[in-house]
Protein chains: 2
Amino acid sequence: MPVNLTPPNPDQLLPVKGIVLGIAEAGIKKAGRKDLLVMRLGDKARVAGVFTLNRFCAAPVTLCKAHLAAAKGIRALVVNTGNANAGTGEDGMNRARSTCIEAAKLLDCDAEQVLPFSTGVILEPLPLDRIVAGLPAAVAGLKAANWFDAAQAIMTTDLVSKAVSKQITLDGATVTITGIAKGSGMIHPNMATMLGYVATDAVVSQPVLETLVRHAADRSFNCITVDGDTSTNDSFMLIATGEAGVAEIADASSAHYLALRDAVTDVARTLAQAIVRDGEGATKFMTIAVEGGAAEAECRLVAYAIAHSPLVKTAFFASDPNLGRILAAIGYAGIADLDVEKIKLYLGDVLVAEHGGRAASYQEQDGQRVMKEAEITVRVVLGRGSAAATVWTCDFSYDYVKINAEYRS
Amino acid sequence: MPVNLTPPNPDQLLPVKGIVLGIAEAGIKKAGRKDLLVMRLGDKARVAGVFTLNRFCAAPVTLCKAHLAAAKGIRALVVNTGNANAGTGEDGMNRARSTCIEAAKLLDCDAEQVLPFSTGVILEPLPLDRIVAGLPAAVAGLKAANWFDAAQAIMTTDLVSKAVSKQITLDGATVTITGIAKGSGMIHPNMATMLGYVATDAVVSQPVLETLVRHAADRSFNCITVDGDTSTNDSFMLIATGEAGVAEIADASSAHYLALRDAVTDVARTLAQAIVRDGEGATKFMTIAVEGGAAEAECRLVAYAIAHSPLVKTAFFASDPNLGRILAAIGYAGIADLDVEKIKLYLGDVLVAEHGGRAASYQEQDGQRVMKEAEITVRVVLGRGSAAATVWTCDFSYDYVKINAEYRS
């Protein structure tokens, strides 16, 4: 069951001027469910994205990068679930290209102005005919108030759809930010996997938009893990439609930029955490906060070692304060000159370990009290400097195994 | 259930001249089970070992290294289960030291001539009083034919004890090699975890023994993984008692060395594979063979990425040829300039993927046939050079979660 995560309220999802969305049931993997999304952007829109680093990246990821590089102005995004079009070679590239060509015909733009996204099973041919057959219905239904349905249309094994809106005021004008995401392991080659789309009607120059998408990704989708697997299809797109009637943000140090940056990052973080809360089989939401490092990179090493350890994750599932497993993960995280004498480990507000061993004040019942909560913070103080990093993850349960053993059946 | 692993036959475990072993029920964690082992070595014995790289290494690991460095000649090894004496700070060091002092008194040697080993729960004080109380019984029972009981005495969550013997002939004389090991995740901080002891009556110089222990470890215990966690206590010790009545091996390129090296490595590999076969919750034994790499290191990267992926491991548990998960793991293994076009992926004898996608000849039923077997080889050809590496692992089942969620209860 998702951890403190409920479906979005349709009334609280705000349209973004300059974007209309259309959904279809194309029967890509199963009949009778929304599995195709078209997002149509206005003429002023600018788009920037970050993509998986997996060398076996999917055909649509390769094509997205090429179309963004062509810089003709993106006018539409097409997303299908049910098939990842990954591990599909040259044939997969042709099918992704055909998807763009067919969408472009319907939307009266160039194929290079369309970005394709796929999520689903890897290593199986994309059912192009079904996508082509479904596109007219999606285009016919394009409207601004479709974010709630759009969030549903991109789900795969997600139990709860993920969407959020936020508004800020810039120079007296209202700027809206709405985002949707899918994923139930952050990074999960089978579901191929994490997709996130955040749109704002702010006016943002292309270079600043590129800076902003990286800033937001590094503080949201790049800070979560369910199982440590990096998907072939992970993509996070940031769209600025430019229709809010405010001045263009072209300076990444301006007050307007900072306000927009924090709001976009907040939306992205909420979506990223929703993916963890809906992590496959999750029963707990864990924040791993590492501080006192010599550099942020080593804090991330330690945080991910803890967040990836199957032993730590099964102990949290069992609400068992078997905290030696966390010390062990810190010890093998890869900091060669780590001085374990200086480390402090906290579970919630409870000091568990210091001076290389169990804290004198620690009592099992205090650890047990924290472990029974649904949201738990593990805090590690390295005693090496002032850098810090935070990672969000979930526990590891019977249901994780069940979901992943039975995914294709 | 362990995969093709049965308990050793007591009659096939051969004594090694120059070693006697004694076992006691010391009640360290639970009453009524063998949990304390003393190995007494003759005066000619030489010992070399490799230890965990975990920075939170246990007190006994630190002390073992110090006693080996003192070079006074090791005369005894003391192993307890039920408590890892890890994450125990200075107090843990004192308790490990006291164990050596008490054993040395009984065995009439110096405390620095005793190597201590512990395995069990981390972060809890070693019950020194029980160990001290148990030592006299273990010492009273010392005898050469105790290897079967010794293998049982070092078990924790192991379902099957692990021991094997082998003999070779050097210059007409028989040389015996007998080894025992414990572990049920290779590397598993909770059980803290992998211990291996291989003894031979061959006569081996100290420098050659050091070379040999590394050679054997790199081809056995360093090639296995159950869950990717590196224990605080992992230790592999090689003992040469020097009592076989053969010439000393002091040249690591001699024919005698090569014969002994291959036999010791064979024993170590059998023990290491037994740990995987008895991996927590294991239902399949998987060999991940990566070849055609530019260097062995990158082959190991790819092999471990596959072997550590929870998604790959759950698919094998389900006997589901969801092989895109393997491609994804290859893609994120960390080879920056990997050309996916050149990769070939085989499941058993079946070619699954080439040219960046599914092989034209591949049929799901062929993959399904291989996946149903209990022992499966995944072969990856990288097409970059002639280096290779092999890793052994097991699948990831409900029982893994169950065992690790309930370990302390």
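Computed from a predicted model, the values in this text were never measured in an experiment.

About the cut-offs
- Along each chain, residues carry numbers from 1 onward, in the same order as the chain's sequence is written.
- A letter from A marks each chain and a number from 1 marks each ligand, given out in the order of writing.
- Thresholds applied to this predicted model are a pLDDT of at least 70 for local features of residues and 80 or more for the giving and counting of side-chain atom pairs; totals over whole chains, interfaces and linings are not thresholded and use all residues.
- The superposition of copies rests on a least-squares fit of C-alpha positions from residues with pLDDT of 70 or more in both.
- By the convention adopted here, residues are in contact when the distance between their C-beta atoms, placed from the backbone, does not exceed 7 Å.
- Numbered from the N terminus, helices here are DSSP runs of H or I no shorter than four residues, and strands are runs of E no shorter than two.
- Here, expected helix span is obtained from the residue count minus one, scaled by 1.5 Å.
- Neighbour density around each residue's C-beta defines its exposure: 20 or more other C-beta atoms within 10 Å make it buried, 12 or fewer make it exposed, and counts between make it partly exposed, where C-beta atoms are placed from the backbone.
- Directions from the helix axis toward the C-beta atoms define the arc.
- When DSSP finds two or more bridges between a pair of strands, those strands are recorded as paired.
- What counts as an axis is a line fitted to C-alpha atoms, over the stretch in contact for a helix, and the angles between N-to-C directions run from 0 to 180 degrees.
- Scored between 0 and 100, pLDDT is the confidence that the predictor attaches to each residue.

A. How the structure looks around the relation of the copies chain B and chain A. Between chain B and chain A, which share one sequence, the superposing operator has a rotation angle of 180° and an axial displacement of 0.0 Å; the RMSD is 0.0 Å. What the superposition gives is, in effect, a two-fold axis relating one chain to the other. By C-alpha distance to the rotation axis, the residue of chain B lying nearest is Tyr398(B), at 2.7 Å. Here 98% of the interface residues in chain B have copies in chain A that are interface residues too; the copies meet face to matching face.

B. Fine view of helix α5 (residues 206-218) of chain A. Residues and elements named next belong to chain A. Counted at 1.5 Å a residue, the expected span for α5 with its 13 residues is 18 Å, and the 19 Å between its end C-alpha atoms agrees. Burial in α5 covers these residues: Val208, Leu209, Leu212, Val213, Ala216 and Ala217. What you see down the axis of α5 is that its buried residues fit within an arc of 160°, all on one side. Those residues of α5 hidden inside the fold are in contact with β3 (46-51), β10 (235-240) and α6 (255-277).

C. Just the sheet that holds strand β7 (residues 173-182) of chain A, in detail. Residue and element names in this part refer to chain A. Overall, mixed pairing links the five strands, which are arranged β3-β10-β8-β7-β6 in an open sheet. Looking at strand neighbours, the two that pair on one side only are β3 and β6 (162-170), the edges of this open sheet. The mean inter-strand angle of the sheet, taken between neighbouring strand axes irrespective of direction, is 15°. As defined by bridge partners, β6 adjoins β7 across nine bridges and the pair is classed as antiparallel. The partner of Lys166 across the bridge, within β7, is Ile177. Sheet strands in contact with α5 are β3 and β10, and its direction is about 35° off that of β3. The sheet contacts of α6 involve β6, β7, β8 (195-200) and β10, and relative to β6 the element is tilted by about 165°.

D. Structural context of the confidence of the model for chain A. All names here are of chain A. Across chain A, the average pLDDT comes to 90, with 96% of residues at or above 70. Here residues 186-192 is modelled with pLDDT under 50, and outside its nearest four sequence neighbours on either side it reaches 49 contacts, counting other chains as well. In the model output, the complex is listed with pTM 0.80 alongside ipTM 0.73.

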